[in-house]
Amino acid sequence: MCSWRTGVCAVGSFVSFILKAFSISTWHPSKIYAFFILQGSEHTATATLPAAFSDLLPHFLVEPEDEYIVKNKPVTLTCRSTPATQIYFKCNGEWVHQDDHLIERTVDPATALPVMQVTIDITRQQVEKIFGLDEYWCQCVAWSTTGTQKSQKAYIRIAYLRKNFEEEPQGKEVALDQEVLLRCHPPEGVPQAEVEWQRNEDVIDPASDPNFFITTDHNLVIKNARLADTGNYTCVAKNIVARRKSTSATVLVYVNGGWSTWTTWSSCSAVCGRGWQKRSRSCTNPTPLNGGTSCEGQNVQKSACVATCPVDGGWSEWSKWSACGADCSMWRTRECTQPSPGTGGKECQGLDLQSLNCTSEQCPQSECTTTHILGAEDVALYVGMVAVALCLTLLLIVVVLVYRRKKEGLDADVADSSILTTGFQPMGIKPKNSHLLTIQPDLTTTTTSYQGTLRSRHDAPGKFSMTNGPLLDPLPNGSHTLHNGKLNSDPAEFVSRLSTQTYFKTLPRDVANTSYGTFNFLGGRLTIPSTGISLLIPPEAIPRGKIYEIYLTVQRKEDLRLPLAGCQTLLSPVVSCGPPGVVLSRPVILSMDHCFDACLDNWAVRLKKQNYEGVWEDILLMGEELVSEPYYCQLEAETCRLFSEQLGTFALVGESLHMGAAKRLRLVLFSDAYCSTLEYNIRVYCMDDTQDVFKEVMQMERQLGGRLIDEPHVLLFKDSYHNLRLSIHDMPQAHWRSKLLAGYQEIPFYHIWNGSQRYLHCTFTLERLSLSTCELTCQLCVWQVEGEGQSFSLDFNIAKFLLMDSNATALAGPSAFQIPYLIRQKICSSLDAPCPNGADWRMLAQRLKLERHMSFFASKASPTSVILDLWEAQHFHSGNINQLATVMADIGKQEAMIFLVSDGEC
C-alpha cells in the first residue's frame, strides 16, 4: 500500500501506535513535534505514572519567575510539577531542547505522587537576539496521561542603570521653618532604581526624623527647615547593577533677625523739671544667621518726662528753754518740718536738741555739789584728749610704713605698666605698598599704624596677661629692631631660652626650622623659609594692650612619633606654634603642606593636636568641620590652612578608605658636587611631597657635599601594598655603564606609606669611560609592582648644579599684610552689613571661590575680616592687590578705587 512512501508510512504507523498506547484520539501537531524532540534525546523526560494517579492533571509546585541578567551572568529558571510524565520549557514560542534541561525526579512523601523538576539557564546572548523586537519570555509545560498544564510566563530582562540623572537637586537658601523641596529624577534603569537621600554623606531616614519626607516621585521634602538642616544634599539611585550619585545641592538655612522685648523705661534724665527717658531692644530674638536680614526699625525709643523737684528739709523755730533740772541743765528742741524733706530732698543739717548748764542761782543744788560736778567734768575732758593724741600717733606710724613699702616697688611697677600702655614707639620707616595708603587717618581713634622698633622688657615672670598654659621666660635686656617689617634677632639665643621651659623641652633645637617674633594687636606673620609653613596673626587677633612673643617650628618625625594604626599615614609636617596658653580674640591661620590627592572620597583625614600631657587627640575630621568648634580647615590642592583659636602642636593623619587612595611623593636626584673619579653616584630620594621634607634633605646633602642635579618630580603612590621599583635605562653605552648587578632597585611599601623613614633613597652607581665625559642622558623609570609606572628623562651636566633660595622669617605690623590696615577697616565696614541685593561679604566669598565656607564665615562677628585673612594667607607672595580691587569693583563698592592708585599718582 505504501510503495515509495514506505518511510512516511512507517512514521505514520509509529505515531498511530503511540496515540493508541496513550488512549489519546487527537494531539496538536506541536505536541507531537515536542514529543519527538524529547523522545529523540538520550535523557528522556518521560515518566510512567501509577494507575492510581493516571487521571490527574499536573499542577505546578514551582513556576518560573521574572529574572534580570546582570552584566554577563546567566540566570536560571526553575519549574516543578506533580504528577507529570513530561515537563519542558518553551521560550519565545520555541521549544528548548531536552539537552538544555536539567531534570530531577523525586516523590512527595506526603502524597506519594511523583515530582519532576526542570531547570534551564538563559544567557545574555539569547536575550539580545530579540532585543528591540519583543520581551524575552519562557514558559513551562507539564504533561500527564490526562492532559497538559502551562505555567505563568517568566520575563527575562537585561539589567542596567544609566549614568546621568534626568533631574538633579538644586541648592537653595531658605529661611528658618520654611518648607524645602529638593527634586530628583533618577537615571533610567532596569529594574527601576531605588532612591535614597544623603545629607553630608549620611543617609536620611524619615522614620527616625519625621521632619523629612520622601515623595513617591523621589523628591525630598524638609517640612520645617532647621539650622541643623544646613548641609550638602545628594540624591542616590541604585539597583542590582550599579549605584549613582547626583551632584550635591547645598541648602543654607538662614535666620532673619527678630526684636527682643523692650526693656523698662529708664529713669528721667532731669533731676528736676522736664527731661528724657529711654528704653531699648536688641536684634537677638533670634539673632540673624547665615546671611539672614537684620531687624528693621529703631532699637532705642525716647520719651519726654517731667521729674518732680526734690524738696530740702527746713528747721522750725526753737522751742522755749525748759526749767533748770536737778542736774543743773536745761534744754530746747526744734523739728525738720518747715518744710519737710520730699522726693529725694536733703534732710535738715544740725541738731534738733540743745542743752545748757544752769547758773548757780537757778540750780536747786548746793554750791558744794556744783563744784564737785564741775571737777568730774574736767577729768573726763582730759582723758578724752589723751585718747585722741594716741590715735593720731598710731595713724601717723601706719602711713609712714605704707609709704616706704610703696616707694620700694615703684620702679618695677612703672616699667611693667609702660610696656602695656605705650605700645610701640613710631619711627620714620616707609612701609611696603606705601603708595596705597591714600586714606586720611582718623585722628579721633586709637592709632593703628605701626612702623618702628620692638623693644623687649626685663619684666618679672607673669607680667604678660597670658593664661591656661606655661609661658616663656622674660626676654633679657636688649632690643629687637624691626627694619621694613623684618625681625632681626638671634635665633640660637631664642631656641636656647625656649628649651629651658618645662613644656618646651620636647621642641627641636633646630634654628633653621624655627621662627619667632614679638607682636601686638596689629598682628603679623611667621614663616619658616622653604617649608611652606607659615602662621598668619590677623589684626586684632591679639587683644589691645597685650604683647606676645610667638614662635613657629617644625618637628622632626623621629623626634616626635605619632601613634599610627592600620592604614593610617602622616600627610603633613608636625608643626608647633605657641606659647599654647595665649589668649586670642580671633583665629590665626596656620598654613602647611600636605601630600595626598585631596580627594576626601578616598581618605578619612583627621587633624590631631598634642595636649599638655603629650597625648595626641583627634580634634577635627576633614569635610565634617563644625563652625562652633575652635578649629576649621580650608583644604587646597597642596596646602591645608587651619583656622585656630588656640596655639599648639598639629599634624594631619589620613586613613585610606580603599586602594584608590594615593599619596604624592617627590623624587629628588642628588650627586656629589665634585667628581674626580670615573665612578659616579646618583642618589634618588623618595619623600613625601612637602617642602619641609625637601628642605631637610637639601640641608643634609649640603653637609655631605651633594648637589641637586634635576628638578624634583611628583609621583602618585597608591595604597596597593605593592613596593616601589626604580631603574635607570637608555644611557649612552659609548660613555657610561651601570655597575648594578640587578636591573632595578626596590623600596618596601610600608617604608614609604608609614612616612616615618628618614632620607629614604636608592643609590645608582654608574661609571664613565673617560674623565672628560660630563654629559649624562638617561631615563629614570619608577613604578609600583603590578601598577602603572612613570618615566622621567634626565639630561644634565655633572659639573653644574641647581641653587635654592630662602625668604624672610618674621614680619610684624603693616608690612606683614598686602592690604593696608585702614583700607581693610573700610572694606569690613562696607561688606559686613547684609545688603538686599547680595552685594556684601557673601558675594566677596563667591568671587574668591570660597562659597563652600559660607557657614563658617557667617558664624564670625566680622565675616569680611575672616575672608580677607584667608586671602592674605593664600596670596602673600603671589597676590595682586589690584585683582582684589577689581573684585570689589565688580561687587559695586566704591571703596575699592583706593587700590587702583598707580605709583606715579602717589
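Residues numbered from 1 in each chain as written. Predicted model: local features only at pLDDT ≥ 70, side-chain atom pairs only at ≥ 80, totals over all residues. Heavy atoms only, no water.

The line we're drawing: UniProt positions are given in the numbering used here, feature names are shortened, and annotations may be inferred rather than shown by experiment.
Under an unreviewed UniProt entry, the protein has the name Netrin receptor UNC5 and belongs to Amphiprion ocellaris. UniProt lists a comment for the protein under the heading Sequence similarities (unreviewed entry), and it reads "Belongs to the unc-5 family." Within the UniProt record for the protein, the comment given under Function (unreviewed entry) is "Receptor for netrin required for axon guidance. Mediates axon repulsion of neuronal growth cones in the developing nervous system upon ligand binding."

1. Concerning the overall build of the protein
Counted only if it meets this: Only DSSP runs of H or I with at least four residues qualify as helices, and only runs of E with at least two residues qualify as strands; both kinds are numbered from the N terminus onward. For the exposure calls, accessible area comes from a 1.4 Å probe over protein chains only, and a residue counts as buried if that area is under 20% of its type's maximum, exposed if over 50%, partly exposed in between. Whether two residues are in contact is decided by their heavy atoms, any of which lying within 4.5 Å being enough. Throughout, the Shrake-Rupley method with a 1.4 Å probe supplies accessible areas, and for residues the shown protein chains are the sole cover considered.
Helix and strand counts for the protein stand at 13 helices and 52 strands. Among the 906 residues that make up the protein, the fraction classed as buried is 43%. The long-range share in the protein, meaning contacts at least 24 apart out of those at least 6 apart in sequence, stands at 69%. Carbon and sulfur atoms make up 54% of the accessible area of the protein, which amounts to about 48900 Å² in all.

2. Some words on the side chain of threonine 864
Turning to its location among the elements, threonine 864 is positioned in helix α12 (residues 863-875). Once residues within four sequence positions are removed from consideration, threonine 864 is found in contact with Ile827, Cys828, Leu831, Asp832, Trp841 and Leu844.

3. A short note on the sheet that holds strand β18 (residues 220-222)
Selection rule: Whether two strands pair depends on DSSP finding at least two bridges between them. Fitted lines through C-alpha atoms give the axes, limited to the stretch in contact for helices. The angle between two N-to-C directions lies from 0 to 180 degrees.
Sheet architecture is open: three strands sit in the order β13-β18-β17, paired in antiparallel fashion. Each edge of the sheet is formed by a strand with only one pairing partner; in this case those strands are β13 (180-182) and β17 (212-214). In this sheet, neighbouring strand axes are inclined to one another by 20° on average, regardless of whether the strands run parallel or antiparallel. Here three bridges tie β17 to β18, and the two strands are oriented antiparallel to one another.

4. Some points on the packing of aromatic side chains
Defined as follows: Pairing of aromatic rings covers Phe, Tyr and Trp, the last through its six-membered ring, and needs centres within 6.5 Å; plane angles under 30 degrees mean stacked, over 60 mean edge-to-face, and all others mean tilted. Here, a charge over a ring means that NZ of Lys or CZ of Arg falls within 6 Å of the ring centre while also lying within 35 degrees of the ring normal.
Here the structure, examined in full by the defined rule, presents 15 aromatic pairs. Note on tyrosine 631 and phenylalanine 650: the rings are 6.0 Å apart at their centroids and 65° apart in plane angle, and the pair reads as edge-to-face. One end of the pair, tyrosine 631, is in strand β39 (residues 631-635); the other, phenylalanine 650, is in strand β41 (residues 649-656), and 19 residues separate them in sequence. Take tyrosine 631 and phenylalanine 650: they sit in the same class, and that class is buried. Grouping aromatic residues by their ring pairs yields a cluster made of Phe596, Trp603, Phe717, Phe749, Tyr750 and Trp753. The ring of tryptophan 259 has arginine 281 lying over it, and the distance from NZ or CZ to the ring centre is 4.1 Å. Over the aromatic face of tryptophan 315 sits the side chain of arginine 334, whose NZ or CZ is 4.3 Å from the ring centroid.

5. Looking at a nonpolar patch on the surface
Put simply, the test is: Patch membership requires over 30% relative accessible area and the absence of a salt bridge. Like charges are linked within 9 Å, and nonpolar side chains (Val, Leu, Ile, Met, Phe, Trp, Tyr) within 5 Å. Any Lys or Arg side-chain nitrogen located within 4 Å of an Asp or Glu carboxyl oxygen qualifies as a salt bridge.
Where nonpolar side chains cluster on the molecular surface, the patch consists of Leu176, Leu227 and Leu289 and spans about 210 Å² of accessible area. A relative accessible area of 38% places leucine 227 in the partly exposed class.

6. A closer look at the packing of helix α9 (residues 821-831) against α12
Using the following cut-off: Relative orientations are named as follows: roughly parallel for angles under 35 degrees, roughly antiparallel for angles over 145 degrees, roughly perpendicular for angles from 65 to 115 degrees, and oblique for any other angle. Note: crossing handedness is left-handed where the near helix turns anticlockwise from the far helix by less than a right angle, and right-handed where it turns clockwise. Residue type decides the class: Asp, Glu, Lys and Arg count as charged, Ala, Val, Leu, Ile, Met, Phe, Trp, Tyr, Cys and Pro as nonpolar, and the leftover types, Gly among them, as polar.
It is the contact of α9 with α12, at a shortest axis distance of 8 Å, that shows an interaxial angle of 135°. With respect to their mutual orientation, α9 and α12 come out oblique. Considering how the two elements wind past one another, α9 and α12 form a crossing that is right-handed. Taking contact as the criterion, the partners of Arg824, Ile827, Cys828 and Leu831 in α9 are, on α12, Thr864, Ser865, Leu868 and Asp869. Per-class residue counts for the contact of α9 with α12 are four nonpolar, two polar and two charged.

7. Regarding the state of the cysteines
Applicable threshold: Any two cysteine sulfur atoms within 2.5 Å of one another count as a disulfide.
All chains considered together, the criterion is met by seven disulfides. A disulfide bridge connects cysteine 91 with cysteine 138, and the sulfur atoms are separated by 2.0 Å. The sign of the 110° torsion about the S-S bond sets the cysteine 91-cysteine 138 disulfide as right-handed. Of this pair, cysteine 91 sits in strand β4 (residues 86-91) while cysteine 138 sits in strand β8 (residues 136-143); the two residues are 47 residues apart in sequence, bridging distant segments of the chain. For cysteine 91, a relative accessible area of 7% translates into the label buried. The disulfide that involves cysteine 268 links it to cysteine 305, with 1.9 Å between the sulfurs. For the disulfide bridge between cysteine 268 and cysteine 305, the dihedral angle about the S-S bond is near 85°, and by the sign convention the bridge is right-handed. A residue pair is termed long-range when its members are at least 10 positions apart, and cysteine 268 in the loop between β21 (249-254) and β22 (273-280) and cysteine 305 in strand β23 (residues 300-307) qualify at 37 residues. We note that cysteine 781 lacks a disulfide partner, and the nearest cysteine sulfur, in cysteine 778, lies 9.5 Å from it.

8. Focus: the pattern of salt bridges
All told, the structure shown has 27 salt bridges when counted by the stated rule. One salt bridge connects aspartate 618 with lysine 608, and the closest N-O pair in it is separated by 2.5 Å. Here aspartate 618, found in strand β38 (residues 616-621), pairs with lysine 608, found in strand β37 (residues 603-610); they are ten residues apart in sequence, far enough to count as distant. Residue class for aspartate 618 comes out partly exposed when judged on its relative accessible area of 46%. For lysine 608, a relative accessible area of 9% corresponds to the buried category. Its salt-bridge partner being arginine 666, residue aspartate 689 comes within 2.8 Å of it at the nearest N-O pair. A residue pair is termed long-range when its members are at least 10 positions apart, and aspartate 689 in the loop between β43 (679-688) and α7 (691-704) and arginine 666 in strand β42 (residues 662-672) qualify at 23 residues.

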